[in-house]
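A look at the structure
Letter by letter, the chains look like this.
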Amino acid sequence: MAVTQFEPADARRCFPCWDEPACKATFKITLEVPSELVALSNMPVIEEKLNGNLKTVYYQESPIMSTYLVAVVIGLFDYVEDHTPDGIIVRVYCQVGKANQGKFALDVAVKTLGLYKEYFAVPYSLPKLDMVAIPDFAAGAMENYGLVTYRETALLYDDKHSAAANKQRVATVVAHELAHQWFGNLVTMEWWTHLWLNEGFATWVSYLSADSLFPDWQIWTQFLDESTEGLRLDALAESHPIEVDINHAGEIDEIFDAISYRKGAAVIRMLQSYLGPEYFQRALASYIKKYACSNAKTEDLWSVLQEESGEPVNKLMNSWTKQKGYPVVSVKVKDQSLEFEQSQFLLSGSHGEGQWIVPITLCCGSYDARKSFLLQAKTETLNVEEFLGASMSAGCPWIKVNVDQTGFFRVKYDEDLSARLRDAIEKKSLSTSDKYGILEDYYSLCMACQQPLSSLLALMSAYREELDYTVLSNLISIASKVARIVADAASELVNDIKLFFINLFQYSAERLGWDPKQGESHLDAMLRGELLTALASFGHDVTINEANRRFSIFLNDRNTPVLPPDLRRAVYVAVMQNVTKSNRSGYDSLLRVYRETDLSQEKTRILASLASSRDPEITHEFLNFLLSPEVRSQDAVFGLSVSREARETAWNWLKENWDHICKTYGAGFLITRFVSAVVSPFSSYEKAEEAEQFFASRMKPYFARTVKQSVERIHINAAWVKSIQSENHLAEAVTELVHREY
């Protein structure tokens, strides 16, 4: 198979051109290929001429477009086909024998094209749309005009062997790439500084599409994970603004990150929530019409939105796109007033200089009493009676700021307001998004040493009866991070902390049980696997034993109903918990399953699980396997999240293999994943210095920022460890939580 990937600046390696987004042209492509192969390009074929064992294929001339969107794919393929009501032919191409796995993506694509035609008030502008599954592809997917390329995991879906999470990924990635056909391809950013406009927007709008097609997925609640990824990266001093000055082609790759995609999507959502969805949609449709077939920059979008809504969009949004970081808004009650203060939030605990125009929303005691205002100064005081009416002063059970987490900032409450919110969580008075936000903000403040760990644990215990997938999923990831940091700070508390987390998740795990129920929701199917994975990794014996029982049945019969795809990751992780150099049968069996499967989703599931062994020798053997020809180079990054016990092993392995990794991954963005996954988990100042020294003589522009961010993360962890060690009553607090009667 031969595939092009020209974004950001590689079309120049294929044909002479002004290889910049603003230099648009029309393209008339002709290919000469072996006659038995399928040859695809952006436009439909007009003619083929056979010449012995070669053929010449001529394509229609394209509309005006940027060079980075030109594409060619050549290979042996099967395909499935459908068409939109307007007669646009849509096809999914995949390796021979996998055509059935393309049907789900095909269905999503046909419906999504219709949705976007309506939303943007402009029809899709090419006569056909091809989507191709590529077995080894560095990016997740690429929106080439009319010929979108994907990793197999992001396009193919197999009813029998794909998990619910895989299905959701296919739907959102397809919706993301098709959004680009308008936002990116028809209207293109003027220069790479505005990349965020492309990616943030396509990320945001893919949720709009998925929500419309699959309302029961509650995808806007899951969008909080996107915002959170953005917030966590943007709380580093080594973050960057949404709009980055790009002075050299080598700098472009590194900004395809959580700031451009996730913070970009989150600030677009914040703006949509502030202006209202109708104004927002009308303005987008005007923007697409106005700049169709040409280029635009961030300010052009703001001025259209400003015209449509009459709000000061330019001034408001510049504070979010031109400077890095975001504020934490502190809220306290004083007499009959609420005092708000903003300052830049940094995980290092230091204070940044930034100041924002913050769209504040708040609720008092009920979602009916909702108020909003723009916080433009450093501080602002609201008279509660005037603002919320007399009911508030008569005693308001709770106040929640940043209602439903639509704003891209954190909130820090005084002790009294915090305690009231904890009660409201236990009484189930809050929306899912707000429960998520309170926990996420508190966790981040704790990591920044602004709240004690004991009070974070007390807050976590309020979520014991939580049922929602997105909230529990975040609770699980916070719990595993806390367990790691406690192991570094106060190893004598580790067993109790793990026991506390096992107790915390048992209620939900027992509610779901091991076996899928008839007609259960997509979200419960995803949650069961995550809960069991967590219980296994915290060392819950009952879960580990049951997982091993099911795994041995599965080894004898790959189609057994006892191990459906949604449970596999949990079972594989559980199997790896007891693997050691002298007891390695679980590891060898998993490798066998890896070698026998042809489904890339199953392969990546196994790679991620094999990394969780606690035995450094097994991990070392596995890391070497990652670089072997048996693992596609795109997939090696799935095996880098090793257990805490094997951190040192992974770091030594990275140093030994650095030259080889550099050679294999070149200047692409995948190399940044090796750095951040292996370097960031440490928590001592010595380690930070060691990492800095190692990379000092090996620095390249395309991973320099990632090295600095990873070293900063070690510093943040180290400071957190010190802060935990100075907490006087932590041990008693943990003991009390473990033995608390529910």
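Residues numbered from 1 in each chain as written. Predicted model: local features only at pLDDT ≥ 70, side-chain atom pairs only at ≥ 80, totals over all residues. Heavy atoms only, no water.

Naming follows an unreviewed UniProt entry, where the protein chain appears as Aminopeptidase of Handroanthus impetiginosus. Per UniProt, the protein chain carries the Subcellular location (unreviewed entry) text "Microsome membrane". Within the UniProt record for the protein chain, the comment given under Sequence similarities (unreviewed entry) is "Belongs to the peptidase M1 family." (UniProt positions renumbered as here; feature names shortened; annotations may be inferred.)

**Digging into the overall build of the protein chain**
When helices and strands are counted, the protein chain shows 27 helices and 20 strands. Taken against the 2.2 N^0.38 rule, which gives 27 Å for 742 residues, the C-alpha radius of gyration of the protein chain at 26 Å falls within 12% of a compact globule. Across its three principal directions, the C-alpha atoms of the protein chain cover 85 × 70 × 60 Å. Considering the protein chain as a whole, with its 742 residues, one finds that 59% of them fall into the buried category. (Helix = DSSP H or I, 4+ residues; strand = E, 2+ residues; numbered from the N terminus. Rg over C-alpha atoms; globule rule 2.2 N^0.38 Å. Buried < 20%, exposed > 50% of the residue type's maximum accessible area, 1.4 Å probe, protein only.)

**Things to note about helix α12 (residues 432-447)**
In this model α12 runs 23 Å from its N-terminal to its C-terminal C-alpha over 16 residues, within 8% of the 22 Å that 1.5 Å per residue would give. Taken across its 16 residues, α12 has 15 buried, putting it largely inside the fold. One or two residues past the end of α12 sits cysteine 449, with phi positive at roughly 60 degrees. (Expected span 1.5 Å × (residues − 1).)

**Re the sheet that holds strand β11 (residues 147-151)**
A sheet is described by the order of its strands in space; here 5 strands give the open sequence β7-β8-β9-β11-β10, paired in mixed fashion. Each edge of the sheet is formed by a strand with only one pairing partner; in this case those strands are β7 (78-83) and β10 (141-142). Pairing analysis gives 6 bridges linking β7 to strand β8 (residues 89-94), with the strands arranged antiparallel. Bridging from a neighbouring strand, valine 80 pairs with valine 92 of β8. The strands that helix α1 (residues 103-120) touches are β7, β8 and β9 (128-134); relative to β8, the one it contacts most, it runs at about 155 degrees. Here helix α2 (residues 164-180) sits on the sheet and contacts β9, β10 and β11; the angle it forms with β11, its principal contact strand, is near 150 degrees. (Pairing = 2+ DSSP bridges. Contact = heavy atoms within 4.5 Å. Axes fitted to C-alpha atoms, helices over the stretch in contact; angles between N-to-C directions.)

**Digging into the UniProt feature "active site" (unreviewed entry) in the protein chain**
Those residues carrying the UniProt feature "active site" (unreviewed entry) are Glu177 in this numbering. For glutamate 177, the position within the fold is in helix α2. Ignoring sequence-local partners within four residues, the contact set of glutamate 177 consists of Ala141, Met142, Glu143, Val148 and Tyr150. Of note is the side chain of glutamate 177, whose polar atom sits 3.2 Å from the backbone nitrogen of glutamate 143. (Polar contact = N/O pair within 3.5 Å; in protein donor to acceptor, adjacent residues only side chain to side chain.)

**Overview of the sheet that holds strand β3 (residues 38-41)**
Read from one edge of the open sheet, 3 strands run β1-β6-β3, paired in antiparallel fashion. For this open sheet the edge positions go to β1 (2-3) and β3, each flanked by a neighbour on one side alone. Note that β3 and strand β6 (residues 72-75) share 4 bridges and pair antiparallel. Across the sheet, the residue bridging to alanine 39 is isoleucine 74, located in β6.

**Considering the packing of helix α5 (residues 258-275) against helix α8 (residues 313-321)**
Look at α5 against α8: their axes get within 11 Å of each other, and the N-to-C directions meet at 150 degrees. Relative to α8, the element α5 is oriented roughly antiparallel. Crossing hand, α5 versus α8: right-handed. For the pair α5 and α8, the contacting residues are Lys263, Val267, Met270, Leu271, Tyr274 and Leu275 in the first and Val313, Leu316, Met317 and Trp320 in the second. Partitioning the contact of α5 with α8 into residue classes produces 9 nonpolar, no polar and 1 charged. (Parallel < 35°, antiparallel > 145°, perpendicular 65-115°, else oblique. Left-handed = near helix turned anticlockwise from the far one by under 90°. Nonpolar A, V, L, I, M, F, W, Y, C, P; charged D, E, K, R; others polar.)

**So, the environment of aspartate 423**
With respect to the helices and strands, aspartate 423 occurs in helix α11 (residues 415-426). Assessed through its relative accessible area of 40%, aspartate 423 is described here as partly exposed. Along the primary structure aspartate 423 and alanine 611 are separated by 188 residues, whereas in three dimensions their C-alpha atoms are 39 Å apart.

**So, the UniProt feature "domain: ERAP1-like C-terminal" (unreviewed entry) in the protein chain**
UniProt marks residues 398-715 with the feature "domain: ERAP1-like C-terminal" (unreviewed entry), using the numbering shown here. For residues 398-715, the helix share is 65%, the strand share is 2%, and the end-to-end C-alpha distance is 35 Å.

**Comments concerning the domain arrangement of the protein chain**
The domain boundaries assigned to the protein chain delineate domain 1 (2-319), domain 2 (325-426) and domain 3 (494-739). The C-alpha-based centres of domain 1 and domain 2 are spaced at 37 Å. Across the contact, 19 residues belong to domain 1 and 18 residues belong to domain 2. Run the count over domain 1 and domain 2 and you get 0 salt bridges. The interface formed by domain 1 and domain 2 holds 8 residue pairs in polar contact (both at pLDDT 80 or more) in total. Elements represented by at least two residues in the side of domain 1 that touches domain 2 include exactly α4 (219-234), α5 and α8. With 7 residues, the single largest contributor to the side of domain 1 that touches domain 2 is α5. When the residues that make up the side of domain 1 that touches domain 2 are grouped by side-chain class, the tally is 10 nonpolar, 4 polar and 5 charged. (Domains from an automatic or database assignment. Salt bridge = Lys/Arg side-chain N within 4 Å of Asp/Glu carboxyl O.)

**Re the nonpolar core**
With 271 residues, the main nonpolar core has Trp204, Phe340, Leu457, Phe501 and Phe505 as its most contacted residues. It is helix α14 (residues 469-489) that provides the largest number of residues to this core, a total of 13 residues. The contact partners of leucine 457, leaving out residues within four places of it in the chain, are Val482, Ile497, Phe500, Phe501, Leu730, Val734 and Leu737. (Core = buried A, V, L, I, M, F, W, Y, C linked by side-chain atoms within 4.5 Å.)

**A few points about the packing of aromatic side chains**
All told, the structure shown has 46 aromatic pairs when counted by the stated rule. Seen from their ring centres, phenylalanine 120 and tryptophan 182 are 5.6 Å apart, and the 35 degrees between their planes marks the pair as tilted. Here tryptophan 182 lies in the loop between α2 and β12 (187-189) and phenylalanine 120 lies in helix α1, a separation of 62 residues in the sequence. Given a relative accessible area of 0%, phenylalanine 120 falls into the buried group. Residue class for tryptophan 182 comes out buried when judged on its relative accessible area of 1%. Their ring planes at 40 degrees and their centres at 6.3 Å tell us that phenylalanine 120 and phenylalanine 201 sit as a pair that is tilted. Of this pair, phenylalanine 120 sits in helix α1 while phenylalanine 201 sits in helix α3 (residues 195-213), placing them 81 residues apart in sequence. Just as phenylalanine 120 is buried, phenylalanine 201 falls in that class too. In this structure, arginine 91 is placed above the aromatic ring of tyrosine 79, and the distance from its NZ or CZ to the ring centre is 4.1 Å. The ring of phenylalanine 682 is capped by lysine 687, whose NZ or CZ atom sits 5.1 Å from the centre of that ring. (Phe/Tyr/Trp six-rings, centres within 6.5 Å; stacked < 30°, edge-to-face > 60°. Lys NZ or Arg CZ within 6 Å of the ring centre and 35° of its normal.)

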